[in-house]
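Okay, here's what each chain looks like letter by letter:
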Amino acid sequence: MPKTSAGLLLYRSGRGVPEVFLVHPGGPFWAKKDAGAWSIPKGEAEPGEDLLAAARREFQEETGLAVDGDVRALDPVRQPSGKRVHAWALEADVDAGAIRSNSFEMEWPPRSGLRREFPEVDRAAWFDLPTARSKITKGQLGLLDQLERLLGTAQ
């Protein structure tokens, strides 16, 4: 059965054009990847967990930031791996430079027997929608489409 993730798609529009908040995955596999590597802050929901609660928890775990406000549910999207991503749009403004991510451990370099710790997210940034389209993983492009429709900025 495909895994289920939940996340928040933060947006702001104070600079005249909508911008979205995306995070870049940490770890050696993603270190030199940029285009198509960014994501909304999200993570796997626990069995039986309320998906919006999971989205808020994952946002805080991946960024160290708490956000509050009215959310608007987006239709789930399916990533190439088969994972379903449930997301909510939330208008909020956070300091991308202030993130503090949780971490994970893995063997690195491969087959070395050495274990290293890496941040789950190594950076975050605000992007206008055209730039976000080139940054976000292709399985989440549909979330940007939905946000554009919600905001009335679809082209």
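Structure: above.
What comes next concerns the included structure. (Residues numbered from 1 in each chain as written. Predicted model: local features only at pLDDT ≥ 70, side-chain atom pairs only at ≥ 80, totals over all residues. Heavy atoms only, no water.)

## A look at the overall build of the chain
A tally of helices and strands in the chain yields three helices and nine strands. Along the chain direction, N to C, the helices and strands of the chain fall in the order β-β-β-α-β-β-β-β-β-β-α-α. A globule of 155 residues ought to have a C-alpha radius of gyration of about 15 Å, and the chain, at 15 Å, matches this closely. The dimensions of the chain, computed from C-alpha atoms along their principal axes, are 50 × 35 × 30 Å. Per-residue burial over the chain gives 43% buried out of 155 residues. (Helix = DSSP H or I, 4+ residues; strand = E, 2+ residues; numbered from the N terminus. Rg over C-alpha atoms; globule rule 2.2 N^0.38 Å. Buried < 20%, exposed > 50% of the residue type's maximum accessible area, 1.4 Å probe, protein only.)

## Brief notes about the nonpolar core
Core analysis: the biggest nonpolar cluster contains 20 residues, and L8, L10, F21, F59, V67 and V94 have the highest contact counts within it. Listed by contribution, the elements that provide at least two residues to this core are β1 (4-12), β2 (19-25), α1 (51-63), β6 (84-91) and β9 (121-128). Leaving out residues up to four positions away in the same chain, F59 has contacts with L8, L10, F21, P41, G64, L65 and V67. (Core = buried A, V, L, I, M, F, W, Y, C linked by side-chain atoms within 4.5 Å. Contact = heavy atoms within 4.5 Å.)

## Topic: the environment of P110
Relative to the assigned elements, P110 resides in the loop between β7 (103-107) and β8 (115-119). Its relative accessible area of 43% is what places P110 among the partly exposed residues. Sequence separation of P110 and F21 is 89 residues, and the distance between their C-alpha atoms is 32 Å.

## Here's the deal with helix α3 (residues 141-151)
Among all positions in α3, only L143, L144, Q146, L147 and E148 are buried. The inward-facing, buried residues of α3 abut β1, β2, β5 (77-78), β6 and α2 (129-135). Looking one or two residues past α3, G152 carries a phi angle of roughly 75°, positive in sign.

## Regarding the environment of R116
Position of R116 relative to the elements: it lies in strand β8. Separated by 89 residues in sequence, R116 and G27 place their C-alpha atoms 9.5 Å apart. Not counting the four nearest positions on each side in its chain, R116 is found in contact with F104, E105, M106 and W108.

## Let's talk about the environment of G48
Position of G48 relative to the elements: it lies in the loop between β3 (42-44) and α1. G48 sits in the exposed class, given a relative accessible area of 84%. Separated by 44 residues in the primary sequence, G48 and A92 place their C-alpha atoms 28 Å from one another.

## Some thoughts on the side chain of Q140
Tracing the backbone through its elements, the reader meets Q140 in the loop between α2 and α3. Among the polar contacts made by the side chain of Q140, one reaches the side chain of S39 at a distance of 3.0 Å. Not counting residues up to four positions away in its chain, the partners in contact with Q140 are S39, I40, K42, V77 and Q79. (Polar contact = N/O pair within 3.5 Å; in protein donor to acceptor, adjacent residues only side chain to side chain.)

## Details of unusual backbone geometry
A cis amide bond links W108 with the next residue in sequence, P109, at an omega value of -5°. With respect to the helices and strands, the residue P109 is situated in the loop between β7 and β8. Positive phi is not limited to glycine here, since R111 has a value of about 60°. Within the fold, R111 resides in the loop between β7 and β8.

## Regarding α1
The end-to-end C-alpha distance of α1, which contains 13 residues, comes to 18 Å, matching closely the 18 Å that a straight helix rising 1.5 Å per residue would cover. Among all positions of α1, only A54, A55, E58, F59, E62 and T63 are buried. All buried residues of α1 lie within an arc of 135° about the axis, which places them on one face of the element. On its buried face, α1 is in contact with β1, β2, β3, β6 and β9. The opening residue of α1, the one whose side-chain oxygen lies 3.2 Å from the backbone nitrogen of L52, is D50. Residue G64 follows α1 closely and has a positive phi angle near 75°. (Expected span 1.5 Å × (residues − 1). Arc of directions from axis to C-beta.)

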